[in-house]
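# Architecture at a glance
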Amino acid sequence: MKIIIVENELYLAQSIASKLNENGYETEIYSSIKEAMNSQGDAYLLSTNLPGQNTSPLIKQFKDKIIILMVNYINNDTVGEPLKLGAKDYIVKPFMLEDLMRKIEHYKEYQSLKKQTSLYQEYMQNLLHDIETDFDIAEITTPLVIETNYQRLVDKVVFEHAKQTNMLLTFVPLSDKHWKEKILQSSPSSLLYITEIHQLKKTDKEALLEMLKEYDFILCSTTELESDFETITLNTDSKLYDQNEILTIDDYVKFIVNSFQYKFPDTELSKKLGISRKSLWEKRKKYGLFKKK
């Protein structure tokens, strides 16, 4: 990580640079804003005590970088206005290097998470782009159970709802053995998005529904679900798997068994698949798709 130090007190700048170098950072020192404008760094330590120099152009140019102000005192000129222009934080001189590095690492992690979030959002938008629904998302009120024949359809509705209402989502796939902990540790202000309820045993399913009385959520179910919560049905005439993907026979059988084993008895399920009950049992054993009671 390259850190640009903009400080006219040369001894102080060299002292900071030396300690940062010892801790694995690359540094460059500039004594003037004009020179620093042509620099290329990941973070900027900017002194606000530069007589006759205006820090605003540098802050505006590098506002997407990590800019930490080094100030002698706090007022609107040294802290207030620079933060409005895009500086991320400030530290008061004299300071401990450990405090400075904690701030740098904090904003480094923040920027990394921000980029990851942007990437995942772009990926989800692309993934759900071709899924069409005429459902009015503005009509959603939570808590809510949505029964569907295609989970991706509900994925799109839920993500659009969260975006429109600016709500934080907590994703809880019930295939995760730690689903209870995820719910208990979720933020009170977040909306739970719960999927794969068909993975639960009957007793766990009942415990989940009782537990959810204390939470705000949208639960997606690919089978009929009896509950006291408001329930709507969203189905599609499209295929139940990705329309741009050709599944192998084994993958198709796994998908159908996993999706419909609680809706149809084995006799009817094997008939719909065009295989014997013995063959269905063998495939269950092979892929670990036994029903949970």
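The written sequence of each chain sets the order in which its residues are numbered from 1. Only residues with pLDDT of at least 70 get local features here, since the model is predicted, and only at 80 or more are side-chain atom pairs given and counted; chain-wide, interface and lining totals rely on the full set of residues. As a rule here, side-chain values cover all heavy atoms of the structure and leave hydrogens and water aside.

## Some thoughts on the packing of aromatic side chains
Note on ring pairs: Phe, Tyr and Trp rings are taken, using the six-membered ring of Trp, and paired if centres are within 6.5 Å. Classes follow the plane angle, with under 30 degrees stacked, over 60 edge-to-face and the rest tilted. Taken as a whole and assessed by the stated rule, the structure comprises three aromatic pairs. Summarising the aromatic geometry, the rings of Phe 171 and Tyr 193 are spaced 5.9 Å apart at their centres and angled 35 degrees between planes, so their arrangement reads as tilted. Of this pair, Phe 171 sits in strand β7 (residues 169-173) while Tyr 193 is found in strand β8 (residues 191-195), placing the two residues 22 residues apart along the sequence. Burial classes: relative accessible area under 20% of the type maximum marks a residue as buried, over 50% as exposed, and values in between as partly exposed (1.4 Å probe, protein chains only). Residue classification places Phe 171 among the partly exposed residues on the basis of a relative accessible area of 44%. Numbering of helices and strands starts at the N terminus; helices are DSSP runs of H or I of at least 4 residues and strands are runs of E of at least 2.

## Let's talk about the pairing of strand β4 (residues 66-71)
Of all six residues that make up β4, six are buried, and the element is covered over most of its length. What you see with β4 is no split at all: Ile 66, Ile 68 and Met 70 on one side and Ile 67, Leu 69 and Val 71 on the other are buried throughout. As defined by bridge partners, strand β3 (residues 43-47) adjoins β4 across five bridges and the pair is classed as parallel. Within the sheet, the bridge partner assigned to Ala 43 lies in β4 and is Ile 66. Taken together, β3, helix α3 (residues 56-61) and β4 form a β-α-β motif whose crossover is right-handed. Here four bridges tie β4 to strand β5 (residues 89-92), and the two strands are oriented parallel to one another. Bridge assignment links Ile 68 to a residue of β5, and that residue is Asp 89. A clockwise path from the first strand over the helix to the second, with the strands pointing away from the viewer, defines a right-handed crossover. Chirality of the crossover, the property in question, places the unit of β4, helix α4 (residues 76-85) and β5 among those that are right-handed. What makes two strands pair is DSSP finding at least two bridges between them.

## Here we look at the pairing of β7
Alignment of β7 against β8, held across five bridges, turns out to be parallel. Looking across to β8, one finds that Leu 169 is bridged to Leu 191.

## Some points on the sheet that holds β4
In spatial order, the strands read β2-β1-β3-β4-β5; together these five strands make up an open sheet with parallel pairing. For this open sheet the edge positions go to β2 (26-30) and β5, each flanked by a neighbour on one side alone. Strand-to-strand twist across the sheet, computed as the mean angle between neighbouring axes with direction ignored, equals 20 degrees. For this analysis, residues touch if any pair of their heavy atoms sits within 4.5 Å. Axes here refer to lines fitted to C-alpha atoms; in helices the fit is confined to the stretch in contact. Angles between the N-to-C directions go from 0 to 180 degrees. Contacting β1 (2-6), β2, β3 and β4, helix α1 (residues 10-22) crosses the sheet at an angle of about 170 degrees to β2. Together, β1, β3, β4 and β5 form the strand contacts of helix α5 (residues 97-128), whose direction differs from that of β4 by roughly 155 degrees.

## Topic: unusual backbone geometry
That bond from Lys 93 to Pro 94 is cis: its omega, -10 degrees, falls within 30 degrees of zero. Within the secondary structure, Pro 94 sits in the loop between β5 and α5. Of note, the amide linkage connecting Thr 142 to Pro 143 takes the cis form, showing an omega dihedral of 5 degrees. Here Pro 143 shows up in the loop between α5 and β6 (144-148). The backbone phi angle of Asn 166 is positive, close to 55 degrees, even though this residue is not glycine. With respect to the helices and strands, the residue Asn 166 is situated in the loop between α6 (151-165) and β7. For Glu 196, which is not a glycine, the phi torsion comes out positive at approximately 65 degrees. Among the secondary structure elements, Glu 196 is positioned in the loop between β8 and α8 (202-211).

## As for the sheet that holds β6
Whenever strands of a sheet pair, they do so through backbone hydrogen bonds, lying parallel or antiparallel. Spatial strand order, β7-β8-β9-β6-β10: five strands in an open sheet with parallel pairing. Of all the strands in the sheet, the pair left with one neighbour each is β7 and β10 (231-234). In this sheet, adjacent strand axes meet at a mean angle of 20 degrees when their direction is disregarded. Pairing analysis gives four bridges linking β6 to strand β9 (residues 217-221), with the strands arranged parallel. Directly across from Leu 144, in β9, lies its bridge partner Ile 218.

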